[in-house]
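Each chain, written out:
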Amino acid sequence: MKFNTMIFGILVGLVAIYSCKKDDAPGFAQITEPTTEIVGSLWINNGNNFSELDLNDNQEINAFTTLDSFRCSEFEGTFICMQGEHSGTKTLMRKGTFNGELLWSKEYVSDTEKYFLLNTTEIQQNTVFISYKIINSTSFNSTYHLEALNLDTGSVKWSIELVDNVQRITSLEDQIIAELSIGSSTTELLSIHIDDGHIDHRIPFTDRIGNLIGGSSSIFVMTWNNRIISMDHQLNFNWTFNTDSPNILGGFERGNQFLFYSRDETVYSIDTNTGSLLWKHAYFDDYPLAINTLNNKVYVSNRKAGESNIQIKTLDLFSGEELDAYTYATNQELNASATKYFFFDQHLLLFNIAPDDNKATIALINISDKIVVWEKELDQVAYPHLIITPTGYYL
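Conventions we followed
Residues numbered from 1 in each chain as written. Predicted model: local features only at pLDDT ≥ 70, side-chain atom pairs only at ≥ 80, totals over all residues. Heavy atoms only, no water. Helix = DSSP H or I, 4+ residues; strand = E, 2+ residues; numbered from the N terminus. Buried < 20%, exposed > 50% of the residue type's maximum accessible area, 1.4 Å probe, protein only. Areas by Shrake-Rupley, 256 points an atom, 1.4 Å probe, with all protein chains shown as cover. Phe/Tyr/Trp six-rings, centres within 6.5 Å; stacked < 30°, edge-to-face > 60°. Core = buried A, V, L, I, M, F, W, Y, C linked by side-chain atoms within 4.5 Å. Contact = heavy atoms within 4.5 Å. Disulfide = S-S within 2.5 Å. Polar contact = N/O pair within 3.5 Å; in protein donor to acceptor, adjacent residues only side chain to side chain. Pairing = 2+ DSSP bridges. Axes fitted to C-alpha atoms, helices over the stretch in contact; angles between N-to-C directions. Salt bridge = Lys/Arg side-chain N within 4 Å of Asp/Glu carboxyl O.

Bringing the overall build of the protein chain into the picture now. Each helix and strand counted, the protein chain has 1 helix and 34 strands in total. Looking at the protein chain as a whole, 54% of its 395 residues qualify as buried. Counting every atom, the protein chain has about 17400 Å² of accessible surface; 46% of that belongs to carbon and sulfur.

This part is about the packing of aromatic side chains. Tallied over the full model, the rule gives 21 aromatic pairs. Pairing Phe241 with Phe260 gives two aromatic rings, centres 6.1 Å apart and planes at 75°, and the pair type is edge-to-face. Separated by 19 residues along the polypeptide, Phe241 in strand β20 (residues 237-242) and Phe260 in strand β22 (residues 257-262) bring together distant segments of the chain. The two residues Phe241 and Phe260 agree in class, both being buried. With a centroid separation of 6.2 Å and 20° between ring planes, the pair formed by Tyr299 and Phe343 is classed as stacked. Placement of Tyr299 in strand β26 (residues 297-304) and of Phe343 in strand β29 (residues 339-344) is noted, with a sequence separation of 44 residues between them. Under the relative-accessibility criterion, Tyr299 is labelled buried at 4%.

What follows concerns the nonpolar core. Core analysis: the biggest nonpolar cluster contains 22 residues, and Leu42, Phe344, Leu349, Phe351, Ile362, Leu364 and Ile387 have the highest contact counts within it. Listed by contribution, the elements that provide at least two residues to this core are β2 (41-46), β29, β30 (347-354), β31 (359-366) and β32 (371-378). Sorting elements by how many residues they give to this core places β32 first, with 4 residues. Each residue touching Leu349, except ones within four places of it in the same chain, is listed here: Leu42, Lys340, Tyr341, Phe342, Phe344, Ile362, Ala363, Leu364, Trp374 and Ile387.

Enumeration over the complete set of coordinates arrives at 1 disulfide. The side chain of Cys72 participates in a disulfide bridge whose partner is Cys81; the two sulfur atoms lie 1.8 Å from each other. What sets the handedness of the Cys72 and Cys81 disulfide is the S-S torsion sign, and at about 90° it is right-handed. The pair formed by Cys72 and Cys81 is uniform in burial state, with each residue classed as buried.

So, about the side chain of Glu147. Note on placement: Glu147 falls in strand β11 (residues 142-150). On the basis of relative accessible area, Glu147 is assigned to the buried category, the value being 6%. Within the structure, the side chain of Glu147 is placed 2.6 Å from the side chain of Tyr108, a separation counted as a polar contact. The contact partners of Glu147, leaving out residues within four places of it in the chain, are Lys106, Tyr108, Val128, Phe129, Ile130, Tyr132, Val156, Trp158 and Ser159.

With that out of the way, let us pick up the sheet that holds strand β15 (residues 185-193). The strand order β13-β14-β15-β16 describes an open sheet built from 4 strands, whose pairing is antiparallel. Strand pairing shows two members of the sheet lacking a second neighbour, β13 (165-172) and β16 (199-204), which therefore form its edges. On average, each strand axis in the sheet is inclined to that of its neighbour by 20°, with strand direction left out of account. By the bridge criterion, 8 bridges tie strand β14 (residues 175-182) to β15 in an arrangement that is antiparallel. Bridged to Glu179 within β15 is Leu189.

Looking now at the pattern of salt bridges. Summed over all chains, the structure comprises 9 salt bridges. Close ionic contact of Arg168 with Glu179 constitutes a salt bridge, the shortest N to O distance being 2.8 Å. Placement of the pair is Arg168 in strand β13 and Glu179 in strand β14, with a sequence separation of 11 residues. A salt bridge links Glu188 to Arg202; the shortest N-O distance between them is 3.0 Å. Remark: Arg202 occurs in strand β16 and Glu188 occurs in strand β15; sequence separation between them is 14 residues. Residue classification places Arg202 among the partly exposed positions, given a relative accessible area of 42%.

Counting buried residues along strand β23 (residues 266-271), 6 of its 6 residues qualify, which places the element largely inside the surrounding structure. Covered by surrounding structure in β23 are Thr266, Tyr268 and Ile270 together with Val267, Ser269 and Asp271, the residues of both alternating faces. Remark: 3 residues form the turn of the hairpin made by β22 and β23, two consecutive strands paired antiparallel; Glu265 in that turn has positive phi of roughly 65°. When β23 meets strand β24 (residues 277-282), the two strands line up antiparallel, connected through 5 bridges. Each residue of the ladder has a partner; that of Val267, found in β24, is His281.

So, about the side chain of Thr314. Structurally, the position occupied by Thr314 is in strand β27 (residues 310-316). The residues contacting Thr314, other than those within four sequence positions of it, are Lys297, Val298, Tyr299, Glu321, Glu322, Leu323, Asp324 and Ile367.

Moving on to unusual backbone geometry. Peptide bonds are trans in most cases, and residues, glycine excluded, mostly fall at negative phi. A positive phi angle is found at Gln346, which is not glycine, with a value near 60°. Inspection of the secondary structure assignment puts Gln346 in the loop between β29 and β30. Accessibility expressed as a relative area gives 27% for Gln346, which makes it partly exposed. Phi at Asn358 takes a positive value of approximately 55°, unusual for a residue other than glycine.

Without other data, these values stay purely geometric and don't point to any function.
Below is the structure:
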């Protein structure tokens, strides 16, 4: 879900631009301030320097620096973090908060013969699952592993060696579902028992996978061609849904709906039980950039071909009917591939990264009030790490 006093002087010299831009839609009134204060924060990082910005006014409220490369994954309030340089000893740790107390840690110790690369994590049934590979320092040959740790203590419950790298992990019922891959090519899907690491089922799978999502009663496999496949925990196919274009993106289960978007300029809702189409919403000459849902609404960020302005549309969750729209007029041409979009609490955070110009631009948009709450330009490249609000964690 995206700085110290020496390097993070950018927070002193950065330019904060507060503006709001008028929508073309009827009834849009220019508003200079949001109707309510925003409670929450955004963690960003530049290398090993991390800073926490107040979402209400974009000012720094916290900062820390790590000696080694550091990243955290959040699972419903549980933080599993990894630290360590590329060929050095790696540390897996559980922390109370993103920058809080250390609850436990486990080291993967490198030496002259080998080093470790930690990969994917997942939490299920009081267990932390971590995939990693061990690389021979001379031949650079690798072995691939999946390990289960007790969430409370970090002690090893089981460990298995696999034939290929674990690219993605999700869970369903008493099974961990793992995607094995070489490079960007998927080779197999495995169904692994959570308690003992036994591989109960495995199937070859040659479609390149874009996302692997564990739902309430099935697994959704989103491929880079034009397929979404629903499977049970034994990897039996329930149904397949095809779109008119490859590169299927997004992916949310909401009740009996699975929502996603595709390069065919369409947002889809399909029935999770049957795979039948419930509704679709097309955008002619528009390219959807991100979607999310909240309070029976679907929020879609999209942009017309050849334009830099970003449009945010609100759809009805159950019918796909368009309810509202707002256009954010960007101050500059934004590189679509370098812009990240994060929906939360009826807000959209845009994070544009421009390495060639050594800067990053952040914009926070209130979708309900149709305003730009604030814009901030950093005079150094930075990356989003985590959004924290009273309703949850995002990114």
